[in-house]
Amino acid sequence: MFEEASEVFDNMFKSSFPLTFIVFIPAVLILVSPLPAEAAHEFTVYRMQQYDLQGQPYGTRNAILNTEARTVEAEVLSRRCVIMRLADFSYDKYQKALRQSAGAVVIILPKNMSTMPQDIVQQFMELEPEMLATETIVPVYFAMEDDELISIYTQTLTSSSSQGSSSAAEVLLHTATANGFQMVTSGSQSKAISDWAITSLEGRLAGVGGEDLPTIVLVAHYDSFGVAPWLSYGADSNGSGVSMLLELARLFSRLYTYKRTHAGYNLLFFVSGGGKFNYQGTKRWLEDNLDHTDSSLLQDNVAFVLCLDTLGNGDSLHLHVSKPPKEGTPQHALLKELETVVAGQYPEVKFSMVHKKINLADDTLAWEHERFGIRRLPAFTLSHLPSHRLAQRSSIMDVRPHVDLKKLSRNTKVVAEALARVIYNLTEKGAPGDLQIFTEQMQVQEEQLSSVVDWLTAQPRAAQLVDKDSSVVSTLEYHLGRYLKDVKRHYVKADKRDPEFVFYDQLKQTMNAYRVKPAIFDLLLALCIAAYLGVMYLAIQNFGILYSVIRRITQPKTKTH
């Protein structure tokens with residue numbers, strides 16, 4: 001029977017070679033056909049800043065990704081998506097990816113950034129400005145970690161680390177058998193946003209006692225900034241300044257309600273937009289009030305402008321000035337009253353004046369008061385930071401826990417008491433330095449400050465995300481309207497011919513990580529299939545010989561006598 005089967009197979013395959021493929025190839029294709037790519041994980045990524053300021057491009061200029069994942073430990077990063085964890089991030093590793101023309105960089109951030117060690121947080125905060133200092137064509141993304149993403153990172157790290165093995169055979173074997181991940185974004189290429197409007201708000205409390213009353217201007221910018229717009233919550237910078245301004249508006253609106261305490265000063269409150277982009281909102285507001293109208297409080301008798309910036313922490317207060325105030329001026333009076341209140345009521349606070357001239361050669365201004373100083377209006381910025389260069393002002397690490405409500409409430413009380421002493425001329429009337437005006441029912445409400453800070457830090461407030469219809473703008477307008485009169489909006493749009501600022505879209509995208517085998521796996525699989533088919537072909541072509549050999553091997557030996 002076996003001899004007959006041998007002859008049948010032998011004659012069939014020798015006489016009809018194509019029949020070999022008809023019988024075997026379909027079976028092989030069914031067995032080795034690749035399965036559809038499995039979407040291992042889908043997650044949200046936040047792209048690094050992309051904007052133009054004064055004609056200079058900043059940030060990443062690309063938003064498309066479709067490449068295989070690697071960690072920075074891999075020797076070859078060209079056209080690969082480099083995944084890093086924040087705990088392992090360094091500027092040298094980041095530059096290594098850029099130098100090798102990586103396909104993209106994905107930085108995994110912890111869910112709760114306030115739990116990170118302070119040295120890692122500080123290091124990354126200092127690196128953010130360097131990452132944005134120059135443009136790059138490599139798309140850079142940030143993602144919040146979860147279990148699946150950490151698993152992808154761990155598997156990719158194992159695969160990347162194996163490339164440094166001593167044996168080439170080990171590298172080849174591991175590369176062929178390891179799981180890889182293809183990272184793909186769902187968005188399109190980024191493009192400039194046209195006709196974007198930055199919104200600012202103003203409101204006022206009119207003084208009593210004459211027409212040409214002096215005006216005190218209180219200013220705070222509401223937008224936030226960081227390496228990724230969708231992760232920029234700006235708790236201390238400048239959620240603390242906005243919450244303080246709203247609380248001051250509430251306190252002085254109550255004083256101005258009663259005839260006995262209605263002072264002879266106009267109070268003008270301005271919540272500016274585009275503060276992190278060279279104070280574009282303030283610049284346009286000054287142009288509208290000083291160049292394009294004949295009646296404005298800014299054109300008349302401005303006592304001083306006080307800008308509030310980053311006041312939610314620390315035990316120091318610094319009054320930043322472009323020009324030291326002269327004795328006998330309202331500006332000098334505010335300086336002295338701040339010193340008096342701090343010395344008399346809060347001796348634990350260190351107060352100082354910081355003098356820095358305006359440098360028009362810089363691309364951006366240091367503090368917001370410099371916008372007013374350029375227009376020859378007396379102005380200061382009050383902050384707990386001694387320098388404008390400190391990283392806390394422009395970081396995605398500036399989250400809600402960075403604001404200490406006790407210190408924000410104390411700083412608000414210091415400013416309120418000092419302003420009241422200027423407005424009501426209490427020092428010349430002989431009032432002691434430890435006299436407290438805002439007590440009992442008029443005291444600073446810490447709960448009010450807390451609710452405003454919580455609301456502001458519950459959403460990113462990057463200038464590219466807050467349009468004129470944003471809930472941020474409408475809610476700020478509502479709060480100002482509760483305490484002030486003549487609340488109005490001001491808009492600034494970039495000039496179409498020579499724009500001072502340009503924003504881009506595709507800042508938030510969905511990324512898919514597909515589980516795939518590396519290209520070397522396909523090559524080895526093809527070689528194995530070819531070898532298998534070759535062996536099978538030779539076996540079939542020589543089936544008679546093969547059968548004889550097998551039968552001779554398996555045939556039991558006969559005993560000889």
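This structure is a prediction, so every number in the text was calculated from the model and none was measured.

Once that is clear, we can look at the environment of Lys 356. Structurally, the position occupied by Lys 356 is in the loop between strand 15 (350-355) and helix 10 (369-374). Residue Lys 356 is classed as partly exposed on the basis of its relative accessible area, which comes to 26%. Residues Lys 356 and Val 321, spaced 35 residues apart in sequence, show a C-alpha to C-alpha distance of 6.3 Å. Once you skip the residues sitting within four places of it in the chain, Lys 356 turns out to touch Val 321, Ser 322, Ala 366, Glu 370 and His 388. Polar contacts involving the side chain of Lys 356 include one to the side chain of Glu 370, which spans 3.4 Å.

Next up on the list: the side chain of Asn 512. You can see Asn 512 is positioned in strand 19 (residues 508-516). Residue Asn 512 is classed as buried on the basis of its relative accessible area, which comes to 12%. If we skip the residues at most four places from it in the chain, Asn 512 touches His 41, Glu 42, Gln 182, Met 183 and Val 184.

Turning our eyes to something else, we now look at the pairing of strand 9 (residues 180-185). Buried residues dominate strand 9, accounting for 5 of its 6 residues. Relative to strand 9, strand 4 (residues 66-71) is paired through 3 bridges, and the arrangement is antiparallel. Bridge pairing in strand 9 places Asn 66 opposite Val 184. In terms of strand pairing, strand 9 meets strand 19 through 6 bridges, oriented antiparallel. Across the sheet, residue Gly 180 finds its bridge partner in strand 19, namely Val 516.

In this section: the sheet that holds strand 3 (residues 56-60). Pairing in this open sheet of 4 strands is mixed, and the strands run 7-3-2-18 from one edge to the other. Of all the strands in the sheet, the pair left with one neighbour each is strand 7 (135-136) and strand 18 (501-503). Here 3 bridges tie strand 2 (residues 50-53) to strand 18, and the two strands are oriented antiparallel to one another. Of the residues in strand 18, the one forming a bridge with Asp 52 is Val 502.

Attention now moves to the packing of aromatic side chains. Applying the stated criterion across every chain yields a total of 14 aromatic pairs. Residues Tyr 51 and Phe 277 carry aromatic rings whose centres are separated by 4.9 Å and whose planes lie at 90° to one another, so their mutual orientation is edge-to-face. Residue Tyr 51 is located in strand 2, and its partner Phe 277 is located in the loop between strand 12 (266-272) and helix 8 (280-290); the two are separated by 226 residues in the primary sequence. Judged by its relative accessible area of 7%, Tyr 51 falls in the buried class. Ring centres of Phe 277 and Phe 503 lie 5.0 Å apart, and the angle between their planes is 65°; on these two criteria the pair is classed as edge-to-face. Residue Phe 277 is found in the loop between strand 12 and helix 8, and its partner Phe 503 is found in strand 18; the two are separated by 226 residues along the sequence. Like Phe 277, the residue Phe 503 is buried in the burial classification. Three or more aromatic residues link up through ring pairs in this structure, and these residues are Tyr 51, Tyr 58, Phe 225, Phe 277, Phe 501 and Phe 503. Stacked on the ring of Tyr 504, the Lys or Arg Arg 61 has its end atom at 5.0 Å from the ring centre. In this structure, Arg 393 packs its charged tip against the face of Trp 367, placed 4.1 Å from the ring centre.

As a further point, take helix 7 (residues 235-255). If you check helix 7, its first and last C-alpha atoms are 29 Å apart, about what 21 residues at 1.5 Å a residue would give, namely 30 Å. Extensive coverage of helix 7 is indicated by the burial of 20 of its 21 residues.

It is worth spelling out the nonpolar core at this point. If you look at the biggest cluster of nonpolar residues, it comprises 68 residues, and the most contacted ones within it are Leu 248, Phe 252 and Leu 306. Within the second largest apolar cluster, 46 residues are counted, among which are Ala 97, Ile 107, Ile 198 and Phe 225.

Quick look at the pattern of salt bridges now. A full pass over the atoms with the stated rule returns 21 salt bridges. With its nearest N and O atoms 2.6 Å apart, the salt bridge here joins Arg 400 to Asp 454. Residue Arg 400 is located in the loop between strand 16 (379-383) and helix 11 (405-423), and its partner Asp 454 is located in helix 12 (residues 446-456); the two are separated by 54 residues in the primary sequence. Residue classification places Asp 454 among the partly exposed residues on the basis of a relative accessible area of 36%. The salt bridge partner of Glu 417 is Lys 413, with a shortest N-O separation of 3.8 Å.

Criteria and cut-off values
Residues numbered from 1 in each chain as written. Predicted model: local features only at pLDDT ≥ 70, side-chain atom pairs only at ≥ 80, totals over all residues. Heavy atoms only, no water. Helix = DSSP H or I, 4+ residues; strand = E, 2+ residues; numbered from the N terminus. Buried < 20%, exposed > 50% of the residue type's maximum accessible area, 1.4 Å probe, protein only. Contact = heavy atoms within 4.5 Å. Polar contact = N/O pair within 3.5 Å; in protein donor to acceptor, adjacent residues only side chain to side chain. Pairing = 2+ DSSP bridges. Phe/Tyr/Trp six-rings, centres within 6.5 Å; stacked < 30°, edge-to-face > 60°. Lys NZ or Arg CZ within 6 Å of the ring centre and 35° of its normal. Expected span 1.5 Å × (residues − 1). Core = buried A, V, L, I, M, F, W, Y, C linked by side-chain atoms within 4.5 Å. Salt bridge = Lys/Arg side-chain N within 4 Å of Asp/Glu carboxyl O.

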